[in-house]
Amino acid sequence: MRAAGRSGDRVSTGIFRSGKSLHVRSLSDIDWATWSPTDRATLLFVIERGRILLIEKKRGLGAGKVNGPGGRMDPGERPIDTAIRELFEELCVEATGVTEHGELRFQFASGYGLHCHVFRADACIGEPKETDEAVPLWTPLDAIPYPRMWADDALWLPLLVAGKRFRGRFVFDGDTMLDHAIEEIVRLD
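Since the model is a prediction, treat every value here as computed from it, not as a measurement.

**Q** Quick question: what am I supposed to make of the overall build of the protein here?
**A** Of the regular secondary structure elements, the protein holds two helices and 14 strands. Every one of the 189 residues in the protein was classed for burial, and the buried ones make up 47%. Intrachain contacts of the protein at a sequence separation of at least 6 include 61% that bridge at least 24 residues. Of the roughly 9,300 Å² of accessible surface on the protein, a fraction of 50% belongs to carbon and sulfur atoms.

See the structure below:
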């Protein structure tokens with residue numbers, strides 16, 4: 001099936017391709033039913049005593065931005081196991097009371113796609129330490145530095161902080177968010 005006004009063929013990501021360029025400017029440019037990400041990843045936010053554990057990312061996608069600890073899933077790894085492993089690798093702490101709260105799908109105009117599971121923990125064991133990947137940032141919940149984060153974070157992170165569950169889809173061109181849809185949900189499937 002093709003969207004009205006488009007020419008070209010769908011590629012495995014569910015995106016229209018005409019020649020070598022991708023035509024991704026909005027959510028409607030993607031067949032989300034057949035969309036397949038390039039990578040699968042997780043984020044894990046520790047929220048305790050009126051504060052949230054964030055990181056300043058040192059390398060990889062989003063280097064220099066503030067985000068939550070997380071990273072790519074290994075083949076065969078469960079999302080919750082990835083989230084706990086990545087928190088330990090990035091900040092040298094163990095999470096307790098971990099629950100999944102969100103699922104995010106990102107499509108970049110470059111062709112890169114990311115499916116991310118978002119988790120919340122009610123505490124961590126140990127004191128976060130800087131590593132080669134991240135600088136820990138305990139931040140008061142009323143002072144989350146959204147201007148230093150990805151644009152989508154301001155849309156769904158308040159839902160996570162409030163203990164709600166959500167799903168989101170986003171289209172980015174580099175660091176610029178072009179389109180989005182987010183919904184609060186009762187439970188994740």
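Let's pick the thread back up.
**Q** Hey, could you run me through unusual backbone geometry in this one?
**A** A negative phi angle characterises most non-glycine residues, just as the trans form characterises most peptide bonds. Even without a glycine there, the phi angle at Arg-49 is positive, about 45 degrees. For Arg-49, the position within the fold is in the loop between β4 (39-48) and β5 (51-57). With relative accessibility at 68%, the residue Arg-49 sits in the exposed group. Positive phi outside glycine occurs at Cys-92, with the angle close to 65 degrees. Counting through the fold element by element, Cys-92 comes out in the loop between α1 (79-91) and β8 (94-96). On the basis of relative accessible area, Cys-92 is assigned to the partly exposed category, the value being 33%.

**Q** When you look at the pairing of strand β9 (residues 99-108) in this model, what are you seeing that I'm missing?
**A** Along any regular strand the residues' side chains alternate between the sheet's two faces. With respect to burial, β9 is a largely interior element, seven of its 10 residues being buried. Bridge count between β9 and strand β10 (residues 113-121): eight bridges; the pairing is antiparallel. Each bridged residue has a counterpart across the sheet, and for Gln-107 the counterpart in β10 is Gly-113. From the end of β9 to the start of β10, which pair antiparallel, there are four residues, and Gly-111 there has a positive phi angle of about 110 degrees. Direction of pairing for β9 relative to strand β13 (residues 165-173): parallel, over a ladder of seven bridges.

Rules used in this analysis
Residues numbered from 1 in each chain as written. Predicted model: local features only at pLDDT ≥ 70, side-chain atom pairs only at ≥ 80, totals over all residues. Heavy atoms only, no water. Helix = DSSP H or I, 4+ residues; strand = E, 2+ residues; numbered from the N terminus. Buried < 20%, exposed > 50% of the residue type's maximum accessible area, 1.4 Å probe, protein only. Contact = heavy atoms within 4.5 Å. Areas by Shrake-Rupley, 256 points an atom, 1.4 Å probe, with all protein chains shown as cover. Pairing = 2+ DSSP bridges.

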